[in-house]
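So you can see what is in the structure, the chains are spelled out below.
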Amino acid sequence: MALRVEQPVTMESYAGLKPAWCPGCGNFGILRALNKALVEMKVQPWQLLMVSGIGQAGKLPHYSRGNTFNSLHGRAVPPAVAAKIANPELVVIVIGGDGDGYSEGGNHFLHVLRRNHDITHIVHDNQVYALTKGQASPTSDEGYVSKTTPGGALPPLNALGVAIMAGATFVARTFAGDLDHAARTIQEGVRHRGFALIDVLQPCVTFNHVNTFKWYSERVYKLDERGHNPQDKMAALEVVQQWGERIPIGVIYREQRPTYEDRIPALKKGPLAKQVIDPQRIAPLFQEFQ
Amino acid sequence: MPVEANFMVGGEAGQGVQSVGAVLAKTLARGGYHVFADQDYESRIRGGHNFFRIRASNMPVAAIKEPLDILVALNQETIDLHRMEVAPGGVVVYDQEKGQPGEGNYLGVPFTRLAQEKAGNRIMANSVAFGAALGLTGYDLDAAANIVRGFFGGDVGEANVTATRAGYDYATENFKGERPLNLKPLGDGKRLLMNGHDAVALGAIAAGCNFMAGYPMTPATPILEYLSTHAKDMDMAVVQTEDEISAINMAIGASFAGARAMTATSGSGFCLMVEGVGLAGITETPVVIVNAQRPGPAVGLPTRTEQGDLLFVLHCHQGDFPRAVLAPASVEDAFWLTIKAFNLADKYQLPVIMLTDHYLATSYITVDGFDLSKVVIDRGETYSPERHGPPQEYKRHKVTGSGISPRAFPGLTEALVVTDSDEHDETGHLIEDARARTEQVEKRLRKLNGLGQETSPPEVYGPPNAETTLVGWGSTWGALRESIDILNRGNGKFNLLHLRELWPFPSEAVNSILQQAKRSYVVESNAAGQLARLIRAETGRLVDGKVLKYDGRPFTPSGIAEQVKEEVYHGAKS
C-alpha cells in the first residue's frame, strides 16, 4: 500500500453525516477507531474506498467520509476485491456485521481468504441481527434466546478459526470499547499486505442484553501482553478456541504471502482504471481462427 | 454455379467427433469455402451420442442444410440415428469393425485398424475417418494435411496426417460408386472460422473490457476460458469466482472503480446474479452480463439450446429501473453487439444483458473479419473538474435532464464517489425521504429516453409487401432467412422481421412493419411464444400464430419452412 501524503488529514476530514445508530451503540466506538486509524496513517478520504454491506454496520461509511460503495447484504466483499483489482492504489476497507460477513456472505468469506486480496474486512460482531430487530446471528452464543431461537441458539460459527484454516493471512480481534486497541488493530490490518480480517466485539445496547459492554470488558485480555506469537499457526488455532470466561483480543494470526493483485500481470502497467485501450490490440488474436 | 456440401460426423463422446468436425470445417474454410457448422452433444465426458454437422458452399451460408451428402459414422448408433438424413446420392462412411451397412451407398473403412497399423495409435481412427470422408470428395489431400498438422501440432500432428492419408487412400481405392461430392479448394481462404462466444470474447476485448469475473457454466464457459487465456497479453484481469453471485458483484465493483467489466453465465447461474442486476440498476454501475441461454428451468438441458429467457431477463428483479437487452443474430453480430453492449452500459450507467444461446455459442461460421478501425469505445460522460466543477461539489447521482450523471471513479480525482444499494439522494447517501426517492426513480428511468434512441431498427428480409411476416429474434436469424428463401420459391409471399435489440423495444418500427403484413407468425425456440407476448405488451398487436420449438434442438431452415406451411396452409392453433 503506497500512500500519497498531501494536505493534512485530521479527524475533521472524516466527519460524515450524523449517525442514526442507537445512543450508546458499539458502532460509535468502531467508527471513531476507524477514523483515528485513517488519520494516523494519513490516508486522504479520496484515497479510501469503503465497501459496506447491509445492517447497522453497513451504514458506517455514510457517517465517515470517503469513496463509498454501500453494497447488498452479504455481498460487500466481491465488489471490494474487484475494486482493488481495478485500482490497487485505493485503500479498500469492507465494513459489515456478523450476519453480513459470516452468514449471507459465507461463500465469499471462505474463498476470499485464500485468494489474499489486499483489503481489510472489519466485522462488527455484535452476536445478533440488530437491524431486523434481534434474531440470533451465526456468532450468537449457544443457548441465546431470540424470537427465532426460542429454544436457544445453536453453537456459534468459529469464524476466526475458519478464517485461519481457509488461508487468511491476517486475523485479529478487537473490542469496540477499547478505542486505542481498535484503532491500532485496524491500522495493522490496513498496513498488512493481503487480506486482513478484523472481528470487532461490538455490544448491541438494544437487542443483546447478554454480551454487553460490561460482559466483554470483564473478559477481554490482550494477546500481545501474553507473549502470543501471531506467526505460530498452531498457537493461533488454540487462541481462536478461547471464548467465555476469557476472550483474547489482538492480532491472532499473521503470515506473508503474495497478494492476489501481485499475481495479475496486467497490473504491472498500473491500475486498470487508468489504462487506455486500443481496439487494434486484438488484431493478433484473429490468427488462430484462420 | 452453387456448390453445396453437407457433412455429418457422429459418434460417442471421446471418439474425437469434435476434432474431425473442426478439422473438416477448417479445411474447407481455408480452401475458400463459406462454412457453417453446428454441434450436438450430451452432458457427459464419455459415451452417449454426439454429432457435428458441416455445411460448405461457395455462397455465404448461415445455417445447416439437409439432407447430408456424407455421413461419417464412428459407431453404429450414428448409422441407426442418421441414415435417413442422407441424400439419395449420399454416402455413409463407417468403421468396418464397428458398424453394419444398410441399404444405399455405404463405404466401410477399417478406421481403427488403419489408425493402429499406419499411424501406430488406434485413437487416431477419427483422422482416418476424416481422410476417408475427404477421399469421397476428391479434395486435395495435401491442403487438408496442412490443417491436420496445424490442428494437432508436433509429432501428434504428423501421425494424424499419416492416419488421414491412410483413410483418404483407402476410400479412393475402395469406393466404386459415383462420388457424392466433387470438391476442390477454391483458393486461399482468408475468412475466420469462429463461433458465437469466440466473437463475444473478441468483441469484449476490442471494446476495452479489462475485467471479467465468471463461474464455469455451459455454454458460457468458453468466454471465461478464452479471456483467461488471453488476459496476460490483453492487459485484463479475469477472476474465476466462488459462485455467480460473486461474479456479478465483482464485475460491478470493478466497474465502479473504473474498469470495463463483464460477466457471463447461463440460465440458473443468471438466476443467482439477479440480485446484482438490481444493484447495478440502483447504483447506476455499468455492467455487461452475457446470459447464454440453455433450456430450463433449473438445470434443464445443459448442452442444448433454447430462447427461453427473454421475458425473464426483461423483468428480473424487483422495482423499476432501466436496462438494455441485446440478442446477437449471428457470429459477426455477436462481435459488434458486444461492443455496443459495453458502450450502452457506460453511456447510460446500467446493466446490459446479452442473450446468446447454446446454438450461437457452439456453431461455427466463416466471417470475413472485423474492421477494427470501426470499433468505437464510448465510456460515457466522465467527471472532470474543468467541465463539472470542483471535486467537493461532485454528486454521483446528480439529477439531470437526461438522467445521466457524470461518472467519477474513486481515487482518480479528489471527488468522493458515493453510492448505495439503498435508495439515496444525489450525493449517494442513503435516504428515506419521499421527494428524493421519487426524484431518483424518475432520473434513472429518464435514461430510457436516450437509450431508446440507440436501438437500431429491426431488419426486414424478403419482399416488403409480403403477405406473411415471420418474426424472430437472436440466433435463429440464419435459419429464418434461409427459410424465407425456401418459402418464397413456390407461390409464397413471405418476409422476415428480425430483432436483435430487444430492449428498449423498438415498438414503432415493429408496429409499422407488422401493419403491412396480412399475417404474422413468431418463430421462437421456446414454449410460450415469449416474443409474441412482448410484441403484444409493447404494441398491442396480436400475432396470428406461433412456430415454436422447445425440444432443445436448433431450428433448421427446412424445418421452419415446413412448420410455417403447416401453420399458414392448414390453419393451425396459436
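Predicted, not measured: the structure shown is a model, and the values here were computed from it. (Residues numbered from 1 in each chain as written. Chains lettered and ligands numbered in written order. Predicted model: local features only at pLDDT ≥ 70, side-chain atom pairs only at ≥ 80, totals over all residues. Heavy atoms only, no water.)

Residue pairs three or four apart in sequence face the same way in an α-helix, which turns once every 3.6 residues. Restricting attention to buried positions, one finds in helix α5 (residues 106–115) of chain A the residues Gly106(A), His108(A), Phe109(A), Val112(A), Leu113(A) and Arg115(A). Taken together, the buried residues of α5(A) touch α3 (77–86), α4 (98–104), α6 (159–165) and β8 (196–201) of chain A together with β9 (237–240) and α9 (244–256) of chain B. Looking one or two residues past α5(A), Asn116(A) carries a phi angle of roughly 55 degrees, positive in sign. (Buried < 20%, exposed > 50% of the residue type's maximum accessible area, 1.4 Å probe, protein only. Helix = DSSP H or I, 4+ residues; strand = E, 2+ residues; numbered from the N terminus. Contact = heavy atoms within 4.5 Å.)

Residues and elements named next belong to chain B. Of note, the bond from Thr218 into Pro219 is cis; its omega dihedral lies within 30 degrees of zero at 0 degrees. Note that Pro219 resides in the loop between β8 (211–214) and α8 (221–230). The omega torsion across Gly296 and Pro297 is 0 degrees, close enough to zero to call that bond cis. Looking at the element boundaries, Pro297 is found in the loop between β11 (287–293) and α11 (310–315). Positive phi values are uncommon outside glycine, yet His317 reaches one of about 90 degrees. Along the polypeptide, His317 turns up in the loop between α11 and β12 (324–326).

What follows deals with the layout of surface pockets. Residue and element names in this part refer to chain B. Each pocket or cavity is described by its volume, and for the largest pocket that value is around 970 Å³. Lining the largest pocket are 33 residues; nearest its centre among them are Gln18, Gln39, Tyr41, Phe52 and Tyr364. Looking at the lining of the largest pocket, the elements with two or more residues in it are β1 (4–13), α1 (17–30), β2 (34–40), β3 (47–57), β7 (192–195), α8 and α13 (358–362). Of the residues forming the lining of the largest pocket, the biggest block, 5 residues, is contributed by α1. Tallied by class, residues from the lining of the largest pocket come to 15 nonpolar, 10 polar and 8 charged. Per-domain counts for the lining of the largest pocket show at least three residues from each of domain 1 (4–190) and domain 2 (194–374). Here the second largest pocket defines a volume of roughly 710 Å³. Listing elements by their share of the lining of the second largest pocket, those giving two or more residues are β3, α12 (331–348), β14 (364–367), β16 (459–461), α16 (477–489) and α19 (557–569). (1 Å grid on protein atoms, 1.4 Å probe; cavity = no way out; pocket = protein on both sides within 12 Å on 5 of 7 lines; lining within 4 Å. Points joined across faces, edges and corners; volume = space filled by probe spheres on them. Nonpolar A, V, L, I, M, F, W, Y, C, P; charged D, E, K, R; others polar. Domains from an automatic or database assignment.)

Looking now at α19(B). Residue and element names in this part refer to chain B. The end-to-end C-alpha distance of α19 is 18 Å, a good match for the 18 Å that 13 residues give at a rise of 1.5 Å each. Within α19 the residues assigned to the buried category are Pro557, Ile560, Ala561, Val564, Glu567 and Val568. On an axial view of α19, the arc spanned by its buried residues comes to 130 degrees, and they lie on one face. Exposed side of α19, more than 90 degrees from the buried face: Glu562 and Tyr569 are the residues found there. Residues of α19 that are buried sit in contact with β17 (468–473), α16, β18 (494–499), β20 (519–524) and β21 (545–548). (Expected span 1.5 Å × (residues − 1). Arc of directions from axis to C-beta.)

With that settled, the discussion passes to the interface of chain B and chain A. Across the boundary between the two partners, chain B contributes 66 residues, which contact 53 residues of chain A. Across the interface of chain B and chain A, roughly 5,000 Å² is buried in total on both sides, 64% from carbon and sulfur atoms. The three residues of chain B that bury the most area against chain A are Glu242(B), Leu372(B) and Leu416(B), which together make up 12% of that side's buried surface. Scanning the region where chain B abuts chain A turns up 3 salt bridges. The partner of Arg115(A) in a salt bridge is Glu242(B), with the nearest N and O atoms 3.0 Å apart. Counting the contacts that link chain B with chain A gives 24 residue pairs in polar contact (both at pLDDT 80 or more). Secondary structure elements with two or more residues in the side of chain B that touches chain A: α1, β7, α7 (196–206), α8, β9, α9, α10 (267–283) and β15 (418–420) of chain B. Of all the elements, α9(B) adds the most residues to the side of chain B that touches chain A, at 8 residues. Sheet analysis places strand β2 (residues 67–70) of chain A next to β15(B), joined by 3 bridges and oriented parallel. (Buried area = accessible area lost by both parts, 1.4 Å probe. Salt bridge = Lys/Arg side-chain N within 4 Å of Asp/Glu carboxyl O. Polar contact = N/O pair within 3.5 Å; in protein donor to acceptor, adjacent residues only side chain to side chain. Pairing = 2+ DSSP bridges.)

All right, on to the sheet that holds β2(A) then. With respect to topology, 9 strands assemble into an open sheet ordered β9(A)-β10(A)-β7(A)-β8(A)-β4(A)-β3(A)-β1(A)-β2(A)-β15(B), the strand pairing being mixed. Each of the sheet's edge strands pairs with one partner strand only, and the pair in question is β9 (220–222) of chain A together with β15 of chain B. For this sheet, the mean angle separating the axes of adjacent strands, direction not counted, is 20 degrees. Across 5 bridges, strand β1 (residues 48–52) of chain A lies against strand β3 (residues 91–97) of chain A in parallel orientation. From the neighbouring strand, Leu48(A) faces β3(A), where its bridge partner is Val91(A). Sheet contacts for α3(A): β1, β2, β3 and β4 (120–125) of chain A; angle to β3(A), the most-contacted strand, approximately 175 degrees. (Axes fitted to C-alpha atoms, helices over the stretch in contact; angles between N-to-C directions.)

Turning our eyes to something else, we now look at the domain arrangement of chain B. Residues and elements named next belong to chain B. Along its sequence, chain B is carved into domain 1 (4–190), domain 2 (194–374), domain 3 (385–453) and domain 4 (459–569). Between domain 1 and domain 4, the C-alpha centre-to-centre distance is 35 Å. Listed per partner, the contact involves 9 residues of domain 1 and 9 residues of domain 4. Both sides of the domain 1 and domain 4 interface together cover about 550 Å² of buried area, and 45% of this is carbon and sulfur. Summed over the three residues of domain 1 that lose the most area to domain 4, namely Ala62, Ala63 and Glu66, the buried surface amounts to 50% of that side. Counting the contacts that link domain 1 with domain 4 gives 2 salt bridges. The partner of Glu482 in a salt bridge is Arg55, and the shortest N-O contact between them spans 2.8 Å. Taken together, the links from domain 1 to domain 4 amount to 3 residue pairs in polar contact (both at pLDDT 80 or more).

One finds Phe211(B), Leu502(B), Leu531(B) and Ile535(B) to be the most contacted residues of the largest nonpolar core, which totals 95 residues. Listed in part, the 73 residues of the second largest apolar core include Leu202(B), Ala206(B), Leu480(B) and Val564(B). (Core = buried A, V, L, I, M, F, W, Y, C linked by side-chain atoms within 4.5 Å.)

Now for the sheet that holds strand β6 (residues 106–109) of chain B. Hydrogen bonds along the backbone pair up the strands of a sheet, which may run parallel or antiparallel. Residues and elements named next belong to chain B. One open sheet accounts for 8 strands, arranged β6-β5-β4-β1-β3-β2-β14-β7; its pairing is mixed. Every other strand in the sheet has two partners, leaving β6 and β7 as the edge strands with one partner each. Direction aside, the axes of adjacent strands within the sheet are offset by 20 degrees on average. Sheet analysis places strand β4 (residues 68–73) next to strand β5 (residues 86–95), joined by 5 bridges and oriented parallel. Each residue of the ladder has a partner; that of Ala73, found in β5, is Tyr94.

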